[in-house]
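Listed below are the residues making up each chain.
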Amino acid sequence: MQLSDRIGCRMKLHDLHVLMAVVQAGSMSKAAALLNTGQPAISRSIAELEQVLGVRLLDRSRHGVRPTDYGRALLNGGTAVFDDLRQTVKSIASLADPSVGEVRVGCNPFLSATFVSAVVDKLSRCYPRVVFRLVTAYVETLHRELTERNVDFLIARRFTSIADERLDYELLFEDSYSLVAGTQNPWARRRRIDLAELVNELWVLPSPESGLGSVVMEAFHASGLNYPRTTVIGEPSSKCSYIRAIPKPN
């Protein structure tokens, strides 16, 4: 019998769930308490998984248990399996009643308080029984949450071309930014200003290493200028696109 046939006939989701609980708890006994069962049942589930796959999934020591490389690979796949099942159950529930459901949205704090909140407010009026869970963080954290399938999609700014074969992208809108000066500043009375005239002014800009900072840097380089000396580093000015990033189906 081929491995795929053995998996289809003998691998149980319950055993996979037990493995995940053991690794999370750090020991067989703690997992048994967590799952409200006995330790022999936990050991039996792990042994059956190891027998089906023909590899050792856990390393046992006096300090507890840790997954082997094989175990970690199975855990990664198991997480995706259970997430797919949850999404499938949600899809079935949505087909039965499209006005009920839950959606997990990732975005940064600024978008959460502006664009995303406005969209959620409008949708909530149309679908009052839909629950929206907003996960607010910055780009690196949000990308990890998306790839680990902890959120359904992201609404985020795109500063440069993004290449990730695991994700699909959809352009939502483009937002323009402006150079801003105080009303009493002499520049405010000028109708036309070349960027070269401003390069030695006191600037509030992002770090050039940041995503938006790289866009600002391109604007200065396009005019043959270096990135200006920044007096205050903060959230800035230029032009960017907003995208929705969605995990591709497995």
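Structure's up top.
Report follows, based on the coordinates.

Thresholds applied
Residues numbered from 1 in each chain as written. Predicted model: local features only at pLDDT ≥ 70, side-chain atom pairs only at ≥ 80, totals over all residues. Heavy atoms only, no water. Helix = DSSP H or I, 4+ residues; strand = E, 2+ residues; numbered from the N terminus. Buried < 20%, exposed > 50% of the residue type's maximum accessible area, 1.4 Å probe, protein only. Contact = heavy atoms within 4.5 Å. Areas by Shrake-Rupley, 256 points an atom, 1.4 Å probe, with all protein chains shown as cover. Salt bridge = Lys/Arg side-chain N within 4 Å of Asp/Glu carboxyl O. Phe/Tyr/Trp six-rings, centres within 6.5 Å; stacked < 30°, edge-to-face > 60°. Patch = residues over 30% accessible without salt bridge, like charges linked within 9 Å, V, L, I, M, F, W, Y side chains within 5 Å. Polar contact = N/O pair within 3.5 Å; in protein donor to acceptor, adjacent residues only side chain to side chain. Pairing = 2+ DSSP bridges. Expected span 1.5 Å × (residues − 1).

Before going further, it helps to examine the overall build of the chain. Summing up its helical and strand segments, the chain has 10 helices and nine strands in all. The buried share of the chain, reckoned over its 250 residues, is 29%. Partitioning the intrachain contacts of the chain with sequence separation of at least 6 by distance along the chain shows that 68% fall at a separation of at least 24. Carbon and sulfur atoms make up 54% of the accessible area of the chain, which totals about 16200 Å².

This model, assessed by the stated rule, comprises six salt bridges. Between Arg-56 and Asp-59 there is a salt bridge; the shortest N-O distance is 2.8 Å. We note a salt bridge from Glu-102 to Arg-133, for which the minimum N-O separation is 3.1 Å. Taken as a pair, Glu-102 in strand β3 (residues 100-107) and Arg-133 in strand β4 (residues 129-136) lie far apart in primary sequence, 31 residues in all.

Taken as a whole and assessed by the stated rule, the structure comprises two aromatic pairs. On the numbers, 5.6 Å between centres and 80° between planes, the contact of Trp-203 with Phe-220 is edge-to-face. With Trp-203 in strand β7 (residues 203-205) and Phe-220 in helix α10 (residues 211-222), the pair connects residues that are 17 residues apart, well separated along the chain. Of the two residues, Trp-203 and Phe-220, neither departs from the other in class, the shared state being buried. Relative to Tyr-227, the ring of Phe-220 lies with its centre 6.4 Å away and its plane at 65°, an arrangement referred to as edge-to-face. Overall, Phe-220 belongs to the buried group, its relative accessible area being 3%. Take Tyr-227: its relative accessible area is 17%, and that puts it in the buried class. These aromatic residues form a ring-pair network of at least three members: Trp-203, Phe-220 and Tyr-227.

There is a patch of nonpolar side chains on the surface, built from Leu-13, Val-81 and Leu-85 and spanning about 220 Å² of accessible area. By the element assignment, Val-81 lies in helix α5 (residues 69-96).

Mapped onto the fold, Ser-27 is located in the loop between α2 (13-25) and α3 (28-35). A polar side-chain atom of Ser-27 sits 3.1 Å from the main-chain amide nitrogen of Lys-30. Excluding residues that lie within four positions of it along the chain, Ser-27 makes contacts with Val-22 and Val-65.

Looking now at the pairing of strand β2 (residues 64-67). Two faces belong to every sheet, and in a regular strand the side chains alternate between them. Here strand β1 (residues 58-61) pairs with β2 via four bridges, running antiparallel. Bridge pairing in β2 places Leu-58 opposite Pro-67. Linkage of β1 to β2, two consecutive antiparallel strands, is achieved through a turn of two residues.

The end-to-end C-alpha distance of α2 is 18 Å, a good match for the 18 Å that 13 residues give at a rise of 1.5 Å each. Regarding α2, the residues found buried are Asp-15, Leu-16, Val-18, Leu-19, Ala-21 and Val-22. The elements touched by buried residues of α2 are α3, α4 (39-53), β1, β2 and α5. Gly-26 lies just past α2 and shows a positive phi near 90°.

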